Amino acid sequence: KSAINLNFSILQDFFDCAYRFKLSMFYGFVQPIAAAMGYGNAVHNIVRNIHKKYLDGENLTREDVQAIVEDTFYLPYANSKMEQNMLESAKKSVDMYFEKNKADFKNIEMAEADKVNGRIDLVKHREISGEEKITIVDFKTADRDVTQCLEAEQLKIYALGYQELTGKSADYLEILNLDKVESERVRVTEGLTETVAKD
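The numbering scheme is per chain: residues are counted from 1 as the chain's sequence reads. In keeping with the predicted nature of the model, local features appear solely for residues at pLDDT of at least 70, side-chain atom pairs appear and are counted solely at 80 or more, and the whole-chain, interface and lining totals rest on all residues. Heavy atoms from the whole structure form the basis of all side-chain values; hydrogens and water molecules are not counted.

K.L.:
Explain the overall build of the chain to me, using residue names and the numbers behind them.
P.N.:
Counting from the N terminus, the helices are DSSP H or I runs at least four residues long and the strands are E runs at least two residues long. Scanning the chain for helices and strands turns up 7 helices and 5 strands. Here the term buried applies to any residue with accessible area under 20% of the maximum for its type, exposed to any over 50%, and partly exposed to those in between, with areas from a 1.4 Å probe on protein chains only. For the chain, the residues scored as buried account for 40% of the 199 residues in total. A fraction of 59% describes how many contacts in the chain between residues 6 or more apart in sequence connect residues 24 or more apart. The contact definition used throughout considers only heavy atoms, calling two residues in contact when any of these lie within 4.5 Å.

Next comes the structure, spelled out in structure tokens:
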């Protein structure tokens, strides 16, 4: 048996359709390219650029953010009408995200940190009940019918990576849907990273 190198995108494909996963992974069938492919990546890049500009000391306005969307958005497989529609969708999502979260940008510790076969989208500090807490945030851009445990395991690995990178433990893990600007947050329980490291 040969080992399969897995990452979270591959696992998401498996949970979406196990048979399609088998055809592409083991038999080499090439899946057709969806016109909207790359939308999530484009929005991630936009948000990353916003965070990095803030961390570089830029005081961004709403107009600056819209300019970043225009400059960064790239959808190579879409026709011009679909690209324009998705650009408008990205502008709306990013504008909502910026307006809702800009006051919290001062609490960002790091953005797009590479660690443990993945990329931590955002690490920020938040005061909760008078104490400073560390939150690892992972951005999503669609309502994908993927098991909650997959997302939870991904964030747990990010928590372990953050601990190894900084020597500090995260207090919360958060999944933020950029299309709706809604988030789910769970507390990092004692022993969580030890369990992931053993697995």
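K.L.:
Describe a nonpolar patch on the surface, listing the residues and the values that go with them.
P.N.:
A patch is a set of surface residues, each over 30% in relative accessible area and not in a salt bridge, joined within 9 Å for like charges and within 5 Å for the nonpolar side chains Val, Leu, Ile, Met, Phe, Trp and Tyr. Residue exposure ignores everything except the shown protein chains as possible cover, and the areas themselves are Shrake-Rupley values with a 1.4 Å probe. Salt bridges are identified by distance alone: a Lys or Arg side-chain nitrogen within 4 Å of an Asp or Glu carboxyl oxygen. Side chains of Met 25, Phe 26, Tyr 27 and Phe 29 sit close together on the surface and give an oily, nonpolar patch of about 460 Å² of accessible area. Tracing the backbone through its elements, the reader meets Met 25 in helix H2 (residues 18-27).

K.L.:
Can you explain the packing of aromatic side chains? Please cite residues and give values.
P.N.:
Working definition: a ring pair exists when centres of Phe, Tyr or Trp rings (six-membered ring for Trp) sit within 6.5 Å. Plane angles under 30 degrees give stacked, over 60 give edge-to-face, the rest tilted. All chains considered together, the criterion is met by 5 aromatic pairs. Arranged with centres 6.2 Å apart and planes meeting at 35 degrees, the rings of Tyr 97 and Phe 105 form a pair that is tilted. A relative accessible area of 3% means that Phe 105 is categorised as buried. Following the ring pairs from residue to residue traces out a cluster consisting of Tyr 54, Tyr 97, Phe 98, Phe 105 and Phe 139.

K.L.:
Lay out the pattern of salt bridges with the relevant residues and their values.
P.N.:
Scanning the entire structure with this criterion turns up 12 salt bridges. Notably, a salt bridge pairs Glu 58 with Lys 53, separated by 3.9 Å at the nearest N-O pair. Judged by its relative accessible area of 37%, Glu 58 is partly exposed. A salt bridge links Asp 104 to Lys 124; its shortest N-O distance comes to 3.1 Å. Of this pair, Asp 104 sits in the loop between helix H5 (80-101) and strand E1 (108-114) while Lys 124 sits in strand E2 (residues 119-128), and the two are 20 residues apart along the sequence. Each member of the pair, Asp 104 together with Lys 124, is buried.

K.L.:
Quick rundown of the packing of helix H3 (residues 39-55) against helix H4 (residues 62-72)? Include the residues and the values.
P.N.:
Two elements in contact, H3 and H4, have axes separated by 9 Å at closest approach and are oriented at 135 degrees. Viewed along their axes, H3 and H4 adopt a mutual orientation that is oblique. For the element pair H3 and H4, the recorded crossing hand is right-handed. Here Asn 45, Ile 46, Asn 49, Ile 50 and Lys 53 of H3 come into contact with H4, specifically with Val 65, Ile 68, Val 69 and Thr 72. Residue composition of the contact of H3 with H4, grouped by class: 5 nonpolar, 3 polar and 1 charged. Angular values range over 0 to 180 degrees, each being the angle between N-to-C directions of two axes fitted as lines to C-alpha atoms, with helices fitted over their stretch in contact. Roughly parallel refers to an angle under 35 degrees, roughly antiparallel to one over 145, roughly perpendicular to one between 65 and 115, and oblique to any angle outside these ranges. Throughout, a crossing is termed right-handed when the near helix is turned clockwise from the far one, and left-handed when it is turned anticlockwise from it by less than a right angle. Put simply, Ala, Val, Leu, Ile, Met, Phe, Trp, Tyr, Cys and Pro go in the nonpolar bin, Asp, Glu, Lys and Arg in the charged bin, and everything else, Gly too, in the polar bin.

K.L.:
So what about the confidence of the model for the chain? Which residues, and what values?
P.N.:
With 74% of its residues at a pLDDT of 70 or more, the chain shows a mean pLDDT of 79. Per-residue pLDDT, averaged within each element of the chain, yields its smallest value for helix H7 (residues 192-198) (56) and its largest for H4 (95). Think of pLDDT as the predictor's per-residue confidence, scored from 0 to 100.

K.L.:
Just give me the short version of the pairing of strand E4 (residues 172-177), but keep the residues and values in it.
P.N.:
Counting buried residues along E4, 6 of its 6 residues qualify, which places the element largely inside the surrounding structure. Across the two faces of E4 the burial is the same, with Tyr 172, Glu 174 and Leu 176 and Leu 173, Ile 175 and Asn 177 all buried. Pairing between strands requires that DSSP locate at least two bridges from one strand to the other. Bridging between E4 and strand E5 (residues 182-187) involves 6 bridges; their strand directions are antiparallel. When the sheet's bridge partners are listed, Glu 174 is paired in E5 with Arg 185.

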